Amino acid sequence: MENSQSTITFSECRLDVSTTANIGGIIMLTLALPMESILFYLVAVALLLAQFMVISTAKVVTNITTDQYALLDFKAHITSNILSQNWSSSTPMCRWVGISCGARHGRVTALNLPNMKLQGTISPHLGNLSFLISLSISFNNFHGPLPKELGKLPRLKRLLVYNNSFSGVIPHTLFNMSKLKIMDLGDNLIEGSIPFEKGQLPSLKALSVENNLLSGALSDDMGECLPKVEVLSLFNNTFVIPRSIGNLTKLKELYIGLNNFTGMTP
């Protein structure tokens, strides 16, 4: 029997087709052997298949445990009567308030807790929620810096943290997220500049940093940094406006009021 070298991917485990072909060969060989040998080979095959299943199950359990640990560490950094009562080991993680999970893999895909009167800081372990698509914690009282680990979320599409008291600078990692479509950092105490990078936010359609303490020059390559942006709010900061802002060909809404702009208007 000829062995194939292709690979079948199921969940996060890989089963080499050549291994399956070898198993089939063993079964064919056992037909010409005594009953004791046949039983021996059948047991060996069963053990091999069981090992694959154990490995697959272990990986799924490990990933779910990683998500649960990240959420519990997030809970440990904040004050909330709701989370202290609902987020517990006696309740399945996917039934926790504000949590949504994927139906197929059981991983956390959304952490949505807007306007929940939460107070505290953001745990860097949220960066381990590798299946997260939506993070919404707006209208709370979070403070401290935005952890750079949030930039490790490869599937994130919505980052909504407006109307809190976040301070410090915007981590460069947040501007290196290829699937991010909406980023709203408005109404905080964030300072410094916006860390634009060419080609690092290819999917972003809406960016708001309004009502912060940001300043400095915006990128001279706005069209290349934000090629798909439709809504851009720089309201109530202190920026130097670049001529390249006119290169945002998809732009539909631009908010630049209450700034102390310097330089010429393009």
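Quick note: structure is the one above.
The next point concerns the side chain of Asp73. Along the chain, the position of Asp73 falls in helix α2 (residues 35-76). Here Asp73 sits buried without a salt bridge, and the closest side chain of opposite charge, Lys75, lies 12 Å off (N-O distance). What Asp73 contacts, discounting residues up to four positions off in sequence, is Ser123 and His125.

Here the focus is the pairing of strand β5 (residues 108-112). With four of five residues buried, β5 is to be regarded as a mostly interior element. In this structure, strand β4 (residues 99-101) lies alongside β5, joined through three bridges in antiparallel fashion. Along β5, the bridge assignment pairs Cys101 with Val108. Hairpin connection of β4 to β5: six residues between the antiparallel strands, including Gly106 at a positive phi of 70°. The pairing of β5 with strand β7 (residues 134-136) spans three bridges and is classified as parallel. Within the sheet, the bridge partner assigned to Leu111 lies in β7 and is Leu135.

Within the structure shown, the criterion is met by six aromatic pairs. When the ring of Phe139 is compared with that of Tyr162, the centres are 5.2 Å apart and the planes differ by 85°; the resulting orientation is edge-to-face. Separated by 23 residues along the polypeptide, Phe139 in the loop between β7 and β8 (141-144) and Tyr162 in the loop between β9 (158-160) and β10 (165-168) bring together distant segments of the chain. We classify Tyr162 as partly exposed; its relative accessible area is 24%. Over the ring of Phe131 we find Arg155; its NZ or CZ atom is 4.0 Å from the centre of that ring.

In terms of nonpolar packing, the biggest core is built from 53 residues, with Ile194 and Leu226 touching the most fellow members. Among the secondary structure elements, those contributing two or more residues to this core are α2, β5 and α4 (222-225). When neighbours within four sequence positions are excluded, Leu226 is seen to be in contact with Phe196, Leu201, Leu204, Leu207 and Leu248.

The next thing to look at is the side chain of Asp184. Relative to the elements of secondary structure, Asp184 occurs in strand β11 (residues 182-184). With no salt bridge to any partner, buried Asp184 finds its closest opposite charge in Arg158, at an N-O distance of 9.3 Å. The contacts of Asp184, once residues within four sequence positions are left out, are Leu159, Leu160, Val161, Tyr162 and Ser208.

With that out of the way, let us pick up the sheet that holds strand β17 (residues 253-255). Strands sit in the order β4-β5-β7-β9-β11-β13-β15-β17 across an open sheet of eight strands; the sheet is mixed. Lying at the two open borders of the sheet, with one neighbouring strand each, are β4 and β17. Averaged over all pairs of adjacent strands, the angle between strand axes in this sheet comes to 10°, irrespective of strand direction.

The final tally for this structure, using the stated rule, is three salt bridges. Between Lys252 and Glu230 there is a salt bridge, and its shortest N-O distance comes to 3.9 Å. In this pair, Lys252 is assigned in the loop between β16 (238-240) and β17 and Glu230 in the loop between α4 and β15 (231-233), connecting sequence segments 22 residues apart. Residue Glu230 is classed as partly exposed on the basis of its relative accessible area, which comes to 26%.

Once that is clear, we can look at the state of the cysteines. On inspection of all chains with the given rule, the structure shows one disulfide. The side chain of Cys94 participates in a disulfide bridge whose partner is Cys101; the two sulfur atoms lie 2.1 Å from each other. Between Cys94 and Cys101 the sulfur-sulfur dihedral comes to about -100°; the bridge is accordingly left-handed. Looking at Cys94, the relative accessible area reads 36%, which means it is partly exposed.

Criteria and cut-off values
- Within any chain, residue numbers begin from 1 and follow the written order of that chain's sequence.
- Totals for whole chains, interfaces and linings use all residues, but because this is a predicted model, local features are given only for residues with pLDDT of at least 70 and pairs of side-chain atoms are given and counted only at 80 or more.
- With hydrogens and water excluded, all non-hydrogen atoms of the structure serve as input to the side-chain values.
- Segments assigned H or I by DSSP are reported as helices when at least four residues long, segments assigned E as strands when at least two residues long, and all are numbered from the N terminus.
- Three labels apply to residues, based on accessible area from a 1.4 Å probe with only protein chains included: buried if under 20% of the type maximum, exposed if over 50%, partly exposed otherwise in between.
- Charge counting treats Lys and Arg as positive and Asp and Glu as negative, with His and both chain ends excluded.
- In the sections that follow, a salt bridge refers to a side-chain nitrogen of Lys or Arg positioned within 4 Å of a carboxyl oxygen of Asp or Glu.
- Residue contacts are defined here by distance: any two heavy atoms, one from each residue, within 4.5 Å place the two residues in contact.
- Strands were regarded as paired on the criterion that DSSP finds at least two bridges between them.
- We call Phe, Tyr and Trp rings a pair once their centres come within 6.5 Å, taking the six-membered ring for Trp, and we label the pair stacked below 30 degrees between planes, edge-to-face above 60, and tilted otherwise.
- Definition used: whenever NZ (Lys) or CZ (Arg) falls within 6 Å of the ring centre and also within 35 degrees of the ring normal, the charge is taken to sit over that ring.
- The nonpolar core is taken to be a set of buried Ala, Val, Leu, Ile, Met, Phe, Trp, Tyr and Cys residues, with the residues joined through side-chain atoms within 4.5 Å.
- Fitted lines through C-alpha atoms give the axes, limited to the stretch in contact for helices. The angle between two N-to-C directions lies from 0 to 180 degrees.
- Here, a disulfide means two cysteine sulfur atoms that sit within 2.5 Å of each other.

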